[in-house]
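For reference, the chains in residue letters:
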Amino acid sequence: MKALVQRKTAALVAFFMIASMLFPIAAFAAKGFINLTHNAIAKKVTGTVYTDTYHGEGVSPVIAVYDKDGNRLDTSVSVTYLYFDPNNDHYYYSIEVDASTYGATYFPLNIRYYYEGAASSVYEGAYVYAGVVVPPIFGGIGGGDTNPADGVVKANPDGTVDANALKKALESGSAIVEITGEVAKLPASALTVGGVVTIVSPLGSYELPLDELDLEALAEELGVSIDDLWIVVTIAELEGAAKAAAEAAIESAGGEAVSAIVDFKLEAVAGDKSVEINKFSKFVKRTLNLTGEGDNLVAVRIKGNSVNPIPTKVGEEDAAFFSNSNSIYAIIDVAPKSFSDLRNHWGVKDIHTLANKLIVNGTGAGKFEPKRDVTRAEFAAMIVRALGLQASGEASFSDVASSAWYAEAVAAAAEAGIVKGDGTGKFRPTDKITRQELAAMVVRAQELAGVEIDLSNSEVAAVLAGFKDAGQIGSWARAELAAAIESGVVAGTTANTVSPNATATRAEAAVMIIRLLNNADFI
């Protein structure tokens, strides 16, 4: 797993639960606790219990309290009906437990919701905590789906997911977890079977390939076992000043948001410790629901004042985008772009498509200069923008100054393995790119996007046999040029020539970017 990790701590206390009780108590399909907390000053335990069972007018759920040793305590519990949520068919009640006569030796108290005459219950522990109210990191054990239908698991209102239900859903190789809030809290113990978990929220979705998570390494880093590890997915809309700053950045880029502006985050959590997972070895699919319309929609990553395009496929009600990192994203409508020197040009459609997705730019004065040769740095920048790549550091090439306009793009392309330099430590950024160099970059970019053209030596020879100038192809470029031809990205300059050392124009480069995106199903 390629991951950039960032540690952080929070003033939270993990919940505690007692494994089993030998009392006749009953279970319900969807019930649990939210924000169960102990206030040592008020000497009360408060929180909310939710259930899919209506107890009748004036009738409340039965709540019992046990000490840490399983002894039922004789204390008053106040239960008050709050509301019914039609979105999840749950009834909510507030609870207040009098803990004034029970000191720290009784804690953690075990709060149970049950009925007499059955076999199990939902329950949650409340720790003693002096002076301030501290909720458990995760809510009650009950609630959500315990029997998934068609691979769909509904999370509890606090985002927690039943481990057995999730594991069962993943038996088919994929599962959908539906959340009503911003967070999905997945028990790592249910993820060891592998597959893909798609988190679906009111804002959009996050498709998480589980092979990107090294659960054992994450658990070891946090000092716990996998049974005590949680994978937390956040899909949160920006608000306030953060939203205003993002909207200003979008406006500066010539766009307008047609979706919520959303922070997608992935963390491994254990107790009060967490590791944020920011980077993946493959492109991860997410979606955002459309809240507006436009003719030139594209997903963008927003980082400070920067707005960068991400590979996007637009549907009727949402837009899917593909990125190998987590960040703040939005779908925007871009003001239409056109160039005066493209009238009747063979590449006008593809060039305008890329310009309206913020992938290619003009050269000034409303022109694109389609016949101008493209440099190695320019083409690297095109690929980086097309795939939405970003660098984690500076490029190591001796001839790429950190102040150069292309420095970050070259660094991102090198980090992704798309460019490799000339073997002397140089990149030669201002050199005109040759067709075989361009083909090699495109094939490597396709492989990064999951499109691999694996040809044997005999197959490479067969692809190139029809070109009388095949002997001019560099030995290092033969396999990649053949793969580029086989995948339809590069064509011969004539029926029997491929011109490997000829330079490529800006128009030719743009068309190859379009073919790359089409092959990867990114457009």
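The structure displayed is predicted, hence computed values, not measured ones.

## So, the nonpolar core
- Grouped together as the largest cluster of nonpolar side chains are 72 residues, with contacts concentrated most on Phe-379, Leu-387, Ile-418 and Ile-513.
- Sorting the residues of this core by element identifies strand S22 (318–325), helix H4 (348–355), helix H5 (376–387), helix H6 (407–415), helix H7 (435–448), helix H8 (457–464), helix H9 (478–486) and helix H10 (506–519) as the ones contributing at least two each.
- With nine residues, H5 is the single largest residue contributor to this core.
- When neighbours within four sequence positions are excluded, Ile-513 is seen to be in contact with Leu-354, Ile-359, Phe-379, Met-382, Ile-383 and Ala-386.
- Judged by nonpolar contacts, the second largest core, of 50 residues, contains Val-161, Ala-165, Val-233 and Leu-288.

## Thoughts on the packing of aromatic side chains
- Under the definition given, this model contains 10 aromatic pairs.
- Aromatic pair Tyr-81 and Tyr-93: ring centres 5.4 Å apart, planes at 70°, arrangement edge-to-face. Here Tyr-93 lies in strand S6 (residues 90–98) and Tyr-81 lies in strand S5 (residues 77–85), a separation of 12 residues in the sequence.
- Ring pairs connect the aromatic residues Tyr-206, Phe-264, Phe-321 and Tyr-329, which therefore count as one cluster.
- Above the plane of the ring of Tyr-206 lies Arg-286, whose end atom (NZ or CZ) is 4.7 Å from the centre.
- Sitting above the plane of the Phe-264 ring, Arg-286 keeps its charged end 5.8 Å from the centroid.

## Some points on the pattern of salt bridges
- According to the stated counting rule, one finds 10 salt bridges in the structure shown.
- The partner of Asp-521 in a salt bridge is Lys-313, with the nearest N and O atoms 2.6 Å apart. Within this pair, whereas Asp-521 is found in the segment after H10, its partner Lys-313 is found in strand S21 (residues 312–314), the two being separated by 208 residues in sequence.
- Looking at Lys-313, the relative accessible area reads 29%, which means it is partly exposed.
- In this structure, Glu-437 and Arg-428 form a salt bridge, with 3.3 Å as the shortest nitrogen-oxygen distance.
- Connected through salt bridges with shared partners, the residues Arg-376, Asp-422, Arg-428, Asp-431 and Glu-437 form a single ionic network.

## Here we look at the confidence of the model for the protein chain
- Mean pLDDT for the protein chain: 83, with 83% of residues reaching 70 or above.
- This model gives residues 1–29 a pLDDT under 50, and the stretch forms 98 contacts once residues within four places in sequence are excluded.

## Let's talk about the packing of H8 against H9
- Closest axis-to-axis distance for the H8/H9 pair is 9 Å, and the angle between their directions is 65°. The way H8 lies across H9 gives a crossing that is left-handed. Here Val-460, Ala-461, Val-463 and Leu-464 of H8 lie close against H9, whose contacting residues are Arg-478, Ala-479, Ala-482, Ile-485 and Glu-486.
- Considering only residue class, the contact of H8 with H9 consists of seven nonpolar, no polar and two charged.

## As for the packing of H5 against H10
- Two elements in contact, H5 and H10, have axes whose closest approach is 11 Å; the angle formed by their N-to-C orientations is 30°. Here H5 lies roughly parallel to H10, going by the angle between them. Note that H5 runs across H10; the crossing there is right-handed. Taken together, the residues of H10 that come into contact with H5 (itself represented by Glu-378, Phe-379, Met-382, Ile-383, Ala-386 and Leu-387) are Arg-506, Ala-509, Ile-513 and Leu-517.
- Split by residue class, the contact of H5 with H10 holds eight nonpolar, no polar and two charged.

## What about unusual backbone geometry?
- At Asn-344, a residue that is not glycine, the phi angle is positive and equals roughly 65°.
- Counting through the fold element by element, Asn-344 comes out in the loop between strand S23 (328–334) and H4.
- Look at Asn-344 and you get exposed, because its relative accessible area is 82%.
- In this structure, Glu-369 takes a positive phi of about 55° despite not being glycine.
- Tracing the sequence through the fold places Glu-369 in the loop between H4 and H5.
- Take Glu-369: its relative accessible area is 32%, and that puts it in the partly exposed class.

## Considerations on the environment of Tyr-50
- Along the chain, the position of Tyr-50 falls in strand S3 (residues 44–51).
- Taking the relative accessible area as the measure of exposure, Tyr-50 reaches 0% and is therefore buried.
- In this structure, the C-alpha to C-alpha distance between Tyr-50 and Tyr-81, residues 31 residues apart in sequence, is 9.9 Å.
- At 2.8 Å, the side chain of Tyr-50 and the side chain of Asn-156 are in polar contact.

## Remarks on H9
- The complete set of buried residues in H9 reads Glu-480, Leu-481, Ala-482, Ala-483, Ala-484 and Ile-485.
- Lining the buried residues of H9 we find H7 and H8.
- Positive phi shows up at Gly-488, right after H9, with a value of about 85°.

## Overview of the sheet that holds strand S10 (residues 174–178)
- Overall, mixed pairing links the seven strands, which are arranged S9-S10-S12-S13-S18-S22-S21 in an open sheet. Looking along the sheet, the strands with just one partner apiece sit at the ends: strand S9 (152–154) and S21. Within the sheet, the average angular offset between the axes of one strand and its neighbour, ignoring direction, is 20°.
- Sheet topology places S9 next to S10; three bridges connect them, and they run parallel. Bridge pairing links Val-152 to Ile-176 in S10.

Calculation rules
Residues numbered from 1 in each chain as written. Predicted model: local features only at pLDDT ≥ 70, side-chain atom pairs only at ≥ 80, totals over all residues. Heavy atoms only, no water. Core = buried A, V, L, I, M, F, W, Y, C linked by side-chain atoms within 4.5 Å. Buried < 20%, exposed > 50% of the residue type's maximum accessible area, 1.4 Å probe, protein only. Helix = DSSP H or I, 4+ residues; strand = E, 2+ residues; numbered from the N terminus. Contact = heavy atoms within 4.5 Å. Phe/Tyr/Trp six-rings, centres within 6.5 Å; stacked < 30°, edge-to-face > 60°. Lys NZ or Arg CZ within 6 Å of the ring centre and 35° of its normal. Salt bridge = Lys/Arg side-chain N within 4 Å of Asp/Glu carboxyl O. pLDDT = per-residue confidence, 0-100. Axes fitted to C-alpha atoms, helices over the stretch in contact; angles between N-to-C directions. Left-handed = near helix turned anticlockwise from the far one by under 90°. Nonpolar A, V, L, I, M, F, W, Y, C, P; charged D, E, K, R; others polar. Parallel < 35°, antiparallel > 145°, perpendicular 65-115°, else oblique. Polar contact = N/O pair within 3.5 Å; in protein donor to acceptor, adjacent residues only side chain to side chain. Pairing = 2+ DSSP bridges.

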